[in-house]
Structures are given as C-alpha cells and as structure tokens.
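A closer look at the structure
Each chain, letter by letter, is given below.
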Amino acid sequence: MPLKLSQFFKRLDRFILCIAVSTSVAIAVISAYLLYNFGNKIINTGATTTSSYMADQTFNTMYQIMKRGWDEKQVEGFIGALKKSSKSEKMVGVSIFRGAIVKKQFGTVLQPKENSIVKKAFETKSIIHKTLNGKEIYAYPLLAKSMCLRCHTMAKDGDVNGVIEVSFNTASLTDKFKIYYFFILFLIFILPISGGVFVTLILRRSIKHGIESINKEVENIKTVKDLKSLDTKFIDLKFEEFNQIYKGVSGLSARLRDIAVDKDVLEFEIKLLERFIITSEVVKDWKEHVFNLLIEMNNIIKVYNVFSIFIQDENLIEIEVFWKGEPTEKTKKLFDKLIYQSIYHNGLSSFFIKGIENHEIFHNIADKDSKLPELCEEDLSVQTKKVILDTPRIGGIVGIGIQAEESIDTVRELVISSVLATLLNVIGSIKAIYKYTQELEYYATRDGLTSLYNQRVFMEFLHYEVERSKRNNNPFGLVFIDFDNFKLINDMYGHNFGDKFLKAIADILEKEKRSEDILARYGGDEFVMILPGAKEEQAYMISNKIRESIKKFLLLDSNTQKSVGATVSVGIAVYPYSAADEKDLFLLADNMMYKAKKMGKDTVYVAKEEDAISVYKEVSEKSKMVLNALEQDIILPYFQPIIDLNTGGVIAHELLMRIKLENIKGGLPSIISAGEFIEIAENIGVAHKLDLMLLEKAFQKIKEENYKSDMFINLSPKSLIVTDYVKTVKRLSLKYNIDTSKIVFELTERETVKNITLLEKFVVNLKYEGFRFAVDDFGSGFSSFLYIKRFPIDFLKIDGEFIRGIFDDKMDRAVVVSSISIAKEMGIKTIAEFIESDEVLTELKKLNVDYAQGFFIGIPSENFSK
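Quick caveat, the model's predicted, so the values are computed rather than measured.

The rules behind the values
Residues numbered from 1 in each chain as written. Predicted model: local features only at pLDDT ≥ 70, side-chain atom pairs only at ≥ 80, totals over all residues. Heavy atoms only, no water. Helix = DSSP H or I, 4+ residues; strand = E, 2+ residues; numbered from the N terminus. Phe/Tyr/Trp six-rings, centres within 6.5 Å; stacked < 30°, edge-to-face > 60°. Buried < 20%, exposed > 50% of the residue type's maximum accessible area, 1.4 Å probe, protein only. Lys NZ or Arg CZ within 6 Å of the ring centre and 35° of its normal. Axes fitted to C-alpha atoms, helices over the stretch in contact; angles between N-to-C directions. Left-handed = near helix turned anticlockwise from the far one by under 90°. Contact = heavy atoms within 4.5 Å. Pairing = 2+ DSSP bridges. Right-handed = clockwise from strand over helix to strand, strands pointing away. Arc of directions from axis to C-beta.

Here Glu 537 is to be found in helix 19 (residues 536–552). As a C-alpha pair, Glu 537 and Gly 477 span 60 residues in sequence and 9.9 Å in three-dimensional space.

Let us look at the packing of aromatic side chains. Enumeration according to the criterion identifies 19 aromatic pairs in this entry. Centroid distance Tyr 138 to Tyr 140: 6.4 Å. Interplanar angle 25°. Geometry classified as stacked. Assigned by exposure class, Tyr 138 and Tyr 140 land together as buried. Here the aromatic rings of Tyr 707 and Phe 864 are separated by 4.2 Å at their centres, their planes lie at 20°, and the arrangement is stacked. Here Tyr 707, found in the loop between helix 23 (687–704) and strand 20 (710–715), pairs with Phe 864, found in the segment after strand 25 (851–852); they are 157 residues apart in sequence, far enough to count as distant. Tyr 707 sits in the buried class, given a relative accessible area of 13%. When its relative accessible area of 12% is taken as the criterion, Phe 864 is described as buried. Sitting over the ring of Tyr 453, Arg 446 keeps its end group 4.2 Å from the ring centre. Note that Lys 701 overlies the ring of Phe 864, its terminal NZ or CZ placed 5.8 Å from the centroid.

For the pair helix 16 (residues 455–472) and helix 20 (residues 582–598), interaxial distance at closest approach is 10 Å and the crossing angle is 120°. Where helix 16 crosses over helix 20, the handedness of that crossing is right-handed. Along its contact with helix 16, which presents Phe 458, Met 459, Leu 462, His 463 and Val 466, the element helix 20 presents Glu 582, Leu 585 and Phe 586.

The next point concerns the pairing of strand 15 (residues 568–575). In terms of burial, strand 15 is a largely internal element, eight of the eight residues being buried. The pairing of strand 10 (residues 476–483) with strand 15 spans eight bridges and is classified as antiparallel. Paired with Phe 476 across the two strands is Tyr 575, which belongs to strand 15. For strand 15 and strand 16 (residues 604–606), the ladder comprises three bridges, and the chain directions are parallel. The residue bridging Ile 572 from the neighbouring strand is Val 606, located in strand 16. In this fold, the crossover linking strand 15 to strand 16 by way of helix 20 has left-handed handedness.

Right, let's get into unusual backbone geometry. Of the consecutive residues Tyr 575 and Pro 576, the connecting peptide bond is found in the cis state with omega at 5°. When you line up the elements, Pro 576 lands in the loop between strand 15 and helix 20. Phi at Asp 602 is positive, roughly 50°, even though this residue is not glycine. With relative accessibility at 17%, the residue Asp 602 sits in the buried group. Positioned with a positive phi, Asn 848 is a non-glycine residue whose angle comes to about 65°.

What follows concerns the environment of Leu 334. Note on placement: Leu 334 falls in helix 12 (residues 329–344). With relative accessibility at 16%, the residue Leu 334 sits in the buried group. When the C-alpha atoms of Leu 334 and Leu 375 are compared, they prove to be 8.5 Å apart, with 41 residues separating the residues in sequence.

Looking now at helix 17 (residues 486–493). Taken together, the buried positions of helix 17 are occupied by Phe 486, Ile 489, Asn 490 and Tyr 493. End-on, the buried residues of helix 17 take up no more than an arc of 100°, which puts them together on one face. Of the exposed residues in helix 17, those oriented more than 90 degrees away from the buried face are Lys 487, Asp 491 and Met 492. Each element contacted by the buried residues of helix 17 is listed here: strand 10, helix 18 (495–512), strand 13 (555–557) and strand 14 (562–564). The first or second residue beyond helix 17 is Gly 494, which carries a positive phi of 95°.

Structure below.
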C-alpha cells in the first residue's frame with residue numbers, strides 16, 4: 001500500500017490536485033472553527049451589551065419616576081408594563097425584584113421567583129452576568145443612595161433596595177446564524193477544490209505537451225554529436241518556470257556534448273589503462289611496452305609519435321621519441337629542431353631547465369616496415385598535445401606528449417590529457433625501476449670501486465672453470481693477491497687516496513693479465529685471478545710480472561706531494577694438482593698468500609704437496625670441532641639488536657651462531673663465531689643440523705623470557721630443501737608456542753641453489769604458516785635479485801660493505817640509494833647492516849632506511865637487548 005501511494009503521488013497533476021484538496025479542507029476546517037467562535041462571540045457580546053443597556057434604562061426610568069414621588073399604584077403599574085413588554089418581546093425579558101428592606105417598609109408585590117443569579121446580586125451588591133437555562137441573565141442591584149433615603153426611610157446608604165433582572169434568549173438569533181454559517185462553510189470547501197481541479201487540468205495538459213516534446217527530442221539522440229539538437233531547438237511549455245527548466249536541460253546537453261565520451265573512446269581508455277600495470281616483463285623491456293601503448297592509441301586517435309622528456313644526472317636532458325612508423329631523416333631533424341626550440345626558447349619550464357645545456361634525442365621505431373610520409377613543421381606543431389611538470393618526478397621525467405595526424409575534438413583531447421598524465425607517471429616509474437635494476441644488476445656482479453668482478457661472481461666463475469677443466473682435462477691456476485701494509489697507506493693518506501690507489505692497481509692488473517684470464521676484487525685490498533690453461537710455471541711467471549709492475553708503480557698524493565708505492569704478496573694453487581674441488585683450491589691459494597707474507601712479503605709462492613697436506617689438516621681439525629659441537633650440544637644462540645631509525649627503540653634481534661669451547665688450561669671458555677666454521681660445516685653437510693639446533697635453543701629462550709619482538713634467523717637456502725626441514729621448523733614453533741609472524745628467516749647466499757623453483761615452493765610453504773622472510777646482504781650477489789622477484793619478501797638487508805663506503809665511495813652510495821628505492825617501490829622494509837658510527841646512522845635516517853644494526857648499535861650477546 002505505501003508503495004502504491006508513493007507511485008500515485010509521482011504524477012504532478014495528481015500531486016497538485018491532492019495539495020489543492022488538502023489545502024481546501026484545512027482552510028475550511030480552520031475557517032469553520034474561527035467563524036463559529038466569532039459568531040458566538042458576537043451574539044454573546046450583543047446579549048451582554050443589550051442586557052446592560054436595558055437594565056440601565058429601566059433603573060433610570062424608575063429613578064426619574066421615583067424622584068417625582070410616585071405612589072404604590074404607580075410602581076405596580078410600571079412593573080405591570082414591564083411584564084407586558086417582556087411577554088411581547090420573545091428575546092428580552094425584564095423583571096424587578098424588591099429587596100427585604102423595601103418589602104418591610106412598603107410590603108410585597110407580585111414578582112417572579114428569585115433565581116440564584118438574583119440572590120447572588122442581593123448578596124454581593126454587584127452586577128452579576130451568567131447563562132442560565134440557555135438564556136443570558138443580567139442581574140443589576142439597585143443600591144440605596146442619599147437621595148433615596150427620603151422615601152426609603154428604613155434603608156441605609158448602600159443597602160440593596162432591589163434587583164433588575166434582564167434575560168436575553170439567543171436561540172432564535174443562533175438559529176439564523178447557523179443557516180448563514182453552513183452556507184459560507186459550503187462555499188469555503190467547494191471553491192478551492194474546484195479551483196485546484198481546474199488548475200490541475202490546465203497544468204497537466206501543458207506539462208504533458210512539454211514532456212512529450214522533450215522525450216521526442218531525447219529519443220532522437222544516438223551519439224554525442226546529436227546532443228547539439230537540444231541546444232538549437234526551443235519548445236514553449238506555456239509556463240516561464242518550465243521554459244527555464246528546458247533551457248537548463250539544453251544547457252546541460254551543451255556541456256555534456258563537450259565532456260561526454262563515445263563508447264569507442266571509453267573502450268580505448270580502458271584497454272590503455274590495463275597496460276599501465278607495471279610488471280617485471282614491462283620493466284625488462286619498457287620501450288616495447290611504450291610501442292604497444294602507441295599502437296593501442298592509434299586505434300582511436302591517429303598519432304605520429306609519443307615523446308617523453310627526462311632530466312638525467314642533473315646535467316643532461318634526454319628525449320625519447322617513439323614513432324609509429326619509420327620517419328624520414330628530414331622529419332627527424334625537423335622534430336629535433338622543434339623540440340630544441342620548445343625546451344630552450346619557448347619557456348617549457350625554464351626554472352629547472354636553467355643551466356642544463358646538454359640534450360640527447362633518441363628515436364625509436366614501433367613498426368620499421370611502416371613508412372611515415374614526409375612531415376612539415378605544421379604537421380608536427382599544430383596537433384601536439386603535451387603535459388609538462390614544474391619539477392622532475394620519479395625517473396627524472398618532466399614531460400610527455402603526442403603528435404597527432406588529425407584534429408582532436410574536445411572529448412578526445414580530455415581523454416588524451418588524462419592518458420598522458422597517467423602515462424607520464426607510468427613511464428617515469430618504469431624507467432626509474434629499469435635504471436635501478438640495471439645499476440643493481442651491474443653492481444651485483446661488479447665491485448663498486450674498481451668495476452672488476454666481485455667475490456660472488458668470481459666464485460661462480462671458479463666453479464665453472466673447475467667443471468670445464470674436468471671435461472677437457474685442462475689445468476688452470478688460481479692466484480690470490482694481497483697488498484702488504486695497505487692499512488698504512490689508508491692511515492697516512494686517507495681512505496680517498498687509498499681508493500684511488502686500489503683503482504690504479506686494478507688498472508695495472510687489467511693491463512698485465514691475459515685476455516682469457518678472469519680478474520676480480522675479492523674484498524678490501526685482496527684480488528683474485530683465474531688463469532685458464534696455466535700450470536705452475538706459467539702461473540708463476542704471470543703473477544711475478546704483476547708483482548713487479550705493482551712494485552714499480554707510484555701514485556702522487558696531491559696533499560703531501562709525495563709519491564706512494566706498495567708491494568703485494570701472491571699465493572698460487574693449480575687445479576687439479578693442488579686440490580680436488582674449487583673450495584679446497586681457493587682455501588689453498590689463500591693460505592699460500594699468507595705464507596708469502598710470512599716469507600717476507602713482496603713474494604710469489606706456489607703451493608707444494610706438503611703445503612696442501614698442512615692446510616687440509618687444519619681444515620680437518622675444524623671439521624672435527626664442528627662435529628664435536630653437534631655431539632656435545634655446545635652450540636650457543638647469540639642475539640644482536642636491530643633498531644627502528646625513527647624511534648631509536650629496539651624492535652628485533654638477529655640470531656647468531658656460536659660454538660663454546662672449554663679452555664683446556666682452565667679459565668674462561670673460548671667463543672667461536674660462525675664465520676670461522678660455517679663453510680666447513682657446509683662442506684661436510686651438517687650446516688642444516690647446526691641451524692635446527694640453534695633454532696630450537698632460540699625458541700626455548702624466547703618462550704622462557706616471554707620475548708615478544710621479531711627474531712631474524714640466518715638460513716642457508718640449501719637448508720630449506722633438506723628433507724623434513726620445514727616440518728621440523730613447524731614442529732618446533734608449535735612445541736614452544738612461537739608466534740610465527742615474529743620469526744623472519746634471512747635467505748643467505750652461502751650456497752648456490754640451482755633449483756630455484758623447488759626453493760620457492762618451500763619458502764611459500766613457510767610463508768603460508770605465517771613466517772616472514774628477508775634477503776640478507778642485498779646487492780652483493782645476483783641471487784638476491786632473484787629472491788625479491790620470485791619470493792614473498794618482507795625485509796631487505798643492505799650489504800654492510802656498501803654501508804661502510806657510503807661516504808667515501810660513490811658506487812657504494814649508489815647501490816644503497818638504489819636498494820632503498822627498489823624496496824620502497826615494492827613495499828619492502830629496509831635494514832642497514834654494519835653501522836659503525838653515528839655519522840653513518842644519521843645519513844641512513846636521511847635516506848629513509850627503516851631499521852639498522854651493527855656494533856655501534858649493539859654487539860651480539862647471549863641476552864636480549866632492551
């Protein structure tokens with residue numbers, strides 16, 4: 001019922017009719033009430049006035065007669081006359097009542113019975129007016145005055161000699177009033193209703209005509225262009241208000257015509273927006289992605305090219321032009337001229353272009369088989385649409401534009417402007433990520449200072465060379481080079497000079513090595529080389545030549561004007577004569593370098609059979625130490641604090657492994673750090689057992705001390721794919737009631753994992769259980785990039801080697817900044833390692849690193865830091 005009533009009132013004519021009826025009824029009810037009360041008021045007021053008047057006239061007449069000294073017969077005659085007069089008048093009656101004093105002096109006369117009103121007038125000596133039996137009764141007391149006392153000798157001044165009663169019957173008057181009242185009431189009801197119906201009929205007819213006319217025009221609208229018909233026609237709707245509404249609709253159609261978008265344009269925009277999603281494939285080949293956008297754009301708007309403007313390294317403007325087809329050389333030169341004028345002479349955005357004199361333009365072709373026609377200056381200028389920024393955004397992008405083949409209407413121009421604004425941010429982001437990825441991939445394989453291969457890549461080359469040597473039965477030499485007293489150069493001349501010296505030595509090594517030799521900076525002042533096909537004699541000759549070249553080299557210090565030189569100690573091991581695998585070979589070459597130092601430095605030493613036996617014996621002793629540690633359960637958990645750089649509070653700890661060895665001679669036990677035995681443990685295949693033993697002890701301590709913060713745990717990727725490893729981790733977390741979301745496993749690159757898909761499966765499995773993951777030593781190896789691409793990573797720990805060189809080495813700083821940018825883009829928190837000074841800590845805060853750890857913040861200990 002409410003729904004039907006609501007539908008009924010949606011018709012304007014019905015609504016107006018209901019309003020008219022409702023208003024008429026309301027007016028009639030109010031008028032009836034007011035008229036009725038007003039009529040009664042008039043009748044009652046008239047009765048009161050008339051009664052008072054007649055009482056006054058009666059008294060005055062009696063008084064005038066009594067003044068002349070009338071006798072009793074005259075009084076009785078006057079009263080009789082009043083009675084006759086009252087009988088003849090149906091509406092008004094007059095009666096006179098003698099008081100007790102008059103009755104006593106002059107006797108009683110025939111008079112009506114006193115009613116309550118008359119009695120009250122006698123008692124109160126005041127005029128009484130009341131309604132009694134439908135009549136208006138007016139009792140007027142006759143008070144004795146001094147002049148009355150001459151006749152009324154028994155009365156005193158103020159006594160009531162009598163009461164004149166005037167009665168007024170209003171019934172006949174009221175009957176007449178009702179006749180007029182109901183007639184007027186009928187008119188009040190019927191006239192507004194009739195008027196409302198009449199107005200409704202007229203309005204309905206006019207509105208129906210107008211609406212039908214508008215509907216007819218609207219039905220003819222099929223496209224955006226048809227909206228113009230509403231703007232040019234005018235329909236008279238008879239009423240000015242409705243005409244104003246129609247004008248408003250026409251104005252709206254004009255605005256809609258300017259901003260409405262046809263279906264094909266909307267479909268184009270939706271398809272284009274789908275291509276704005278940035279994926280790893282898009283970053284890998286971002287130019288191909290722009291080509292696809294350009295082709296998609298040509299489905300709706302014919303476009304010659306899309307161009308983007310970047311500021312690179314604060315001293316170069318770079319313009320990337322993406323042509324739909326192959327332009328002529330003349331067209332390219334014309335475009336270069338026009339873009340140059342726009343940048344430097346037409347006020348493109350002078351306040352950030354100012355001072356940048358160099359620019360480069362790169363032309364890219366989407367479809368080389370398609371040839372563009374020869375374009376003139378008007379073709380490239382008139383239909384150019386661009387978005388220019390006030391300041392460079394991500395990726396250094398400051399502008400983007402298109403050059404269309406045809407005129408662009410207002411609607412398409414709005415769409416293109418919207419697309420360009422979004423495309424500007426997308427291309428800027430893609431190029432920024434591409435640039436950062438390229439830089440990080442480079443520095444993942446290269447040393448930031450010398451641009452030589454780094455340690456991680458070198459070890460992969462070494463493994464490859466061993467496998468190649470096995471297949472081809474060819475020997476090769478491994479050379480380990482270390483400076484003698486290089487620390488003294490750093491201390492005397494500063495780290496900047498030391499870095500210059502290392503770069504110069506790297507140049508010498510590049511010059512002296514053979515083209516097939518592989519050279520790398522292993523770390524600090526250590527260099528390593530692989531000499532394919534070289535036996536002991538040839539390896540010695542090459543190494544000795546390098547040693548002599550370095551010995552002759554001098555570098556001038558600009559501050560002290562002194563020429564500084566250095567010597568090196570070189571250790572050599574040859575495969576397969578000295579070792580059976582790459583790890584033993586590297587271990588032997590490293591030890592031979594130390595033996596060369598012991599022999600007086602500035603020496604080349606080639607490993608002999610007895611040297612290999614001695615080194616392997618030492619390794620055997622360490623292997624025994626590791627196995628004893630497992631058997632005797634002397635693995636200890638140590639904890640290093642990690643702080644929040646915003647608050648300075650400790651928010652987590654990193655779990656570290658130690659071996660506790662009792663001192664044979666008594667005294668304090670020796671604590672052996674993991675760096676001294678972890679490689680041995682991995683070589684003998686017990687690293688995962690050490691990890692699980694350490695994990696259980698850490699979980700036990702977490703439960704005992706009710707530790708609530710995050711715990712970072714180093715984990716070799718190979719441990720994850722060990723049978724039942726994941727099950728054991730789950731079992732331990734349940735056993736000690738560990739909140740898995742508080743455990744963060746750090747994926748390290750201690751071992752190379754060949755089956756990355758298998759590793760991904762185990763990582764995702766643990767992630768599903770609530771555990772989180774961090775990439776350790778990010779930037780030091782290529783695997784770390786693979787980890788963040790394939791795995792659900794929560795934290796990125798920037799390699800401490802780059803943190804240490806953040807002030808002194810431009811390359812180290814670039815890696816740190818790029819790592820932070822990539823992490824921010826991917827929503828990953830960053831942790832800086834190896835914080836060793838307040839200056840470094842302050843700088844990392846400025847770079848917006850999230851967390852930090854290092855000896856400056858807190859050294860590892862058996863207890864949790866507060």
